[in-house]
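Here's the letter readout for the chains.
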Amino acid sequence: MSAIEQTDPQSVSDDIALTPIWLRVTASWGWRLIVLCGVMVIVWNIGTKLSQLTVPLLIALLIAAGFSPLTDFLGQHRWPRWASSAVSLLLLVFAVLGLLAIVGAQIASQWDELVSTATSGVSSLVNWLFTGPLNISQEQVNGWINQATSLVRQYQSQIAGALTSAGGRIGAFVAGLLTCLTAAFFFLKDGSRMAAAFGKVIPDHVLVKVEPMARGGWTALASYVRAAVTVAAIDGVGAGIGALALGSNLWVAIIAMTFICSFVPIIGAITAATLSAVVVLVTLGPVKAVIMVVVFIAVMNIEANVLQPLLLGRAVEIHPLLILLGITAGTILAGIPGALLAIPAVAFVTGCVRGAEGIFIDDDRGRRKAHLPRVRYGGRRTGKTPTSPSTIPGEGEGQSTIES
C-alpha cells in the first residue's frame, strides 16, 4: 500500500496544487530561459570560431536589406533577377570606389601645399614648445627622441610580428569582402528560394508563427539600413560644410570619411572627429582645429536629438536607451564588428516581436495590425487574407507566391 500511495496521481496533483502559482510560473519561465541561453551560447561560440565567415554574411544581409527595394523595382520592370541583383551591387561598389577616388584625387592635387603646410605647422609647434609656457629645452626633446629610438630597437621583433599580422589581416579582410559581396548577390537573387526552402522543412503550425516574425524582422532591418544611410549622409554633409567654412581644402575628404565612419555608432563619430581635427590642425592651425571639434559636437548632437528620433526612431521605433545598451554590449562582446551589428540586431529582434503580433512598420507606421498574406511554401499554405505584400528578401520569383 505504501508504494501505491507514493505513486498515487492524486498526491502528485495535490502537490502541484499546493505550489504557489508564482513559483510555478517562475519555474516554467526559468527552465525555458535556461534552454534559450544555452542555445544562444552554443550559437555564439560557433559564430565566434567562424567569425571570418559569419561577419561577412551578416554584413551581406544588411546590404541585401538596403538594396532589396531597388532589386525589386528593377524586377518589376522585367529585369532578370540576376541582372537586377548585379546592378544593385555594382552601384554600391562604384559608389564606394567613387568616394575613394574623389578623396585620392583631391589629396594628390594638393599634395605639395599639404606638405609645405604640414612642415610649417610642425615647425610652429616645435617653436611653441621651446618658447611657450611649457619652456621645454632642446636637451629634453633630444632625450625623448633617444628614448623612443631605444624603445623601437628593444621591441623590434614585436613590431615586425605586428606588421606581419597586419598583412595577414589585410588578406583576411579582402577574402571577407569578396565573401560578403558574393553572399549579398545570392541573397538578392535567390532570397525567396531560400525562404521557400526553410518553409518546406518547418511544420505548418510553426510556420504560421515564424513567417510573420521573419517578415517583421526583415522589414525593420530594411528600414534601419535606409535610415542609417540617410543619417550618415547628413552627418557627412554637415561636417564637410563646417570644414569648408573654416577654409579647409580637404572638405570633400572629410565628407567621405564622416559618411563611412557614421555607420559605426559612437566609435565612428569619435574616429571621424579625431581625424578631421588632426587634418585641420596640420593645415589650418590649433584654433580652427578646436572649432572643427565643436562643429563635430554640434553635428553629433543634431544626429542624436533630431535625426535619430526622426528617421531611425520612426523607421525601427527603438528607444535611445536600448540603442546605447545594444552598442555597449556589442562592443564588449565583439569589438568594432559588434558595435556595427548591434543596432541592426536589435532592430531585427524588435521587428520579429512586432511581426509576431501582426504589427509591421510599413503598415501605417506600425500602428495597426496587418492581415497576413497567404504564402505557398512548396505546396503548403499559411496565413489568411492576402491584403499586404510579403517582404521576404528577394521576393518576386516563383518559389514563394502570394495567393488570393
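Colleague: What is the right way to read the overall build of the protein from this model?
Modeller: Within the protein, the secondary structure is distributed over 13 helices and 3 strands. Expressed as a percentage of the 404 residues in the protein, the buried residues total 32%. Of the contacts formed within the protein by residues at least 6 apart in sequence, a portion of 68% connects residues at least 24 apart. Split by element, the accessible area of the protein, about 24200 Å² in all, is 72% carbon and sulfur.

Colleague: Hey, could you run me through the pattern of salt bridges in this one?
Modeller: Close approach of charged atoms allows side chains of opposite charge to pair. In this structure the tally under the stated criterion is 4 salt bridges. Across the salt bridge formed by Lys 189 and Asp 190, the nearest N and O atoms sit 3.1 Å from each other. On the basis of relative accessibility, which here comes to 13%, the residue Asp 190 falls in the buried class. With its nearest N and O atoms 3.6 Å apart, the salt bridge here joins Glu 211 to Arg 215. Taken together, the residues span about one helical turn, with Glu 211 and Arg 215 both in helix H9 (residues 204-246) at a distance of 4 residues. Residues Glu 211 and Arg 215 agree in their burial class; the two are buried. Put simply, Lys 189, Asp 190 and Arg 193 are held in one network by salt bridges that share partners.

Colleague: When you look at unusual backbone geometry in this model, what are you seeing that I'm missing?
Modeller: Of note, Arg 78 is a non-glycine position whose phi angle comes to about 65°, a positive value. Here Arg 78 is to be found in the loop between helix H4 (51-76) and helix H5 (81-109). Judged by its relative accessible area of 80%, Arg 78 falls in the exposed class.

Colleague: Looking at this structure, how should I read a nonpolar patch on the surface?
Modeller: Among the surface-exposed residues, Ile 21, Trp 22, Leu 23, Val 25, Trp 29, Leu 33, Leu 36 and Met 40 lie close enough to one another that they form a single nonpolar patch of about 880 Å² accessible area. Relative to the helices and strands, Leu 33 is located in helix H3 (residues 21-49). Exposure remark for Leu 33: the relative accessible area of 44% places this residue in the partly exposed category.

Colleague: Help me understand helix H11 (residues 267-284), please; the structure alone is not making it clear to me.
Modeller: Working note: α-helix, 3.6 residues per turn, so residues spaced by three or four point in the same direction. When the terminal C-alpha atoms of H11 are compared, their 25 Å separation across 18 residues agrees well with the 26 Å that a helix rising 1.5 Å per residue should span. When H11 is considered as a whole, its buried residues turn out to be Gly 268, Ala 269, Ala 272, Ala 273, Ser 276, Ala 277 and Val 280. Axial view of H11: buried residues confined to an arc of 155°, hence all on one face.

Colleague: Explain the environment of Ser 223 to me, please; I cannot follow it from the model alone.
Modeller: Mapped onto the elements, Ser 223 comes out in helix H9. Within the structure, the side chain of Ser 223 is placed 2.9 Å from the backbone oxygen of Thr 219, a separation counted as a polar contact.

Colleague: What is the right way to read the packing of H4 against H5 from this model?
Modeller: If you want to describe how two helices pack, look at the angle between their axes and the distance between the axes. With their axes 9 Å apart at the nearest point, H4 and H5 run at an angle of 130° to one another. Here H4 lies oblique to H5, going by the angle between them. Between H4 and H5 lies a crossing whose hand is right-handed. Within the contact between the two elements, H4 uses Ile 63, Phe 67, Leu 70, Thr 71, Asp 72, Leu 74 and Gly 75 and H5 uses Arg 81, Ser 84, Ser 85, Val 87, Ser 88, Leu 89, Leu 91 and Leu 92. Its residues assigned to classes, the contact of H4 with H5 shows 8 nonpolar, 5 polar and 2 charged.

Colleague: Help me out: how do you make sense of H4 in this one?
Modeller: Under the 1.5 Å per step criterion, the end-to-end length of H4 is 36 Å for 26 residues, consistent within 8% with the ideal 38 Å. Taking the largest bend as the criterion, H4 deviates by roughly 50°, centred on Phe 67, and proline Pro 69 comes between one and four positions later. Within H4 the residues assigned to the buried category are Pro 56, Ala 60, Leu 62, Ile 63, Ala 64, Ala 65, Phe 67, Ser 68, Thr 71 and Leu 74. Of the residues one or two after H4, Arg 78 is the one with positive phi, at around 65°.

Colleague: Please explain the nonpolar core as it appears in this structure.
Modeller: In summary, soluble globular proteins display a tendency toward joint burial of nonpolar side chains. Within the largest apolar cluster, 23 residues are counted, with the highest numbers of intra-cluster contacts made by Ala 60, Ile 63, Ala 65 and Tyr 224. Those elements that place two or more of their residues in this core are H4, helix H8 (156-201), H9 and helix H13 (320-356). Every residue in contact with Ala 65, bar those within four places of it in the chain, is listed here: Trp 218, Leu 221, Ala 222, Val 225 and Arg 226. Leu 246, Cys 261, Ala 289 and Met 292 belong to the second-largest nonpolar core, a separate cluster that totals 12 residues.

Parameters and conventions
Residues numbered from 1 in each chain as written. Predicted model: local features only at pLDDT ≥ 70, side-chain atom pairs only at ≥ 80, totals over all residues. Heavy atoms only, no water. Helix = DSSP H or I, 4+ residues; strand = E, 2+ residues; numbered from the N terminus. Buried < 20%, exposed > 50% of the residue type's maximum accessible area, 1.4 Å probe, protein only. Contact = heavy atoms within 4.5 Å. Areas by Shrake-Rupley, 256 points an atom, 1.4 Å probe, with all protein chains shown as cover. Salt bridge = Lys/Arg side-chain N within 4 Å of Asp/Glu carboxyl O. Patch = residues over 30% accessible without salt bridge, like charges linked within 9 Å, V, L, I, M, F, W, Y side chains within 5 Å. Expected span 1.5 Å × (residues − 1). Arc of directions from axis to C-beta. Polar contact = N/O pair within 3.5 Å; in protein donor to acceptor, adjacent residues only side chain to side chain. Axes fitted to C-alpha atoms, helices over the stretch in contact; angles between N-to-C directions. Parallel < 35°, antiparallel > 145°, perpendicular 65-115°, else oblique. Left-handed = near helix turned anticlockwise from the far one by under 90°. Nonpolar A, V, L, I, M, F, W, Y, C, P; charged D, E, K, R; others polar. Bend = angle between axes of the 7 residues up to and from the residue. Core = buried A, V, L, I, M, F, W, Y, C linked by side-chain atoms within 4.5 Å.

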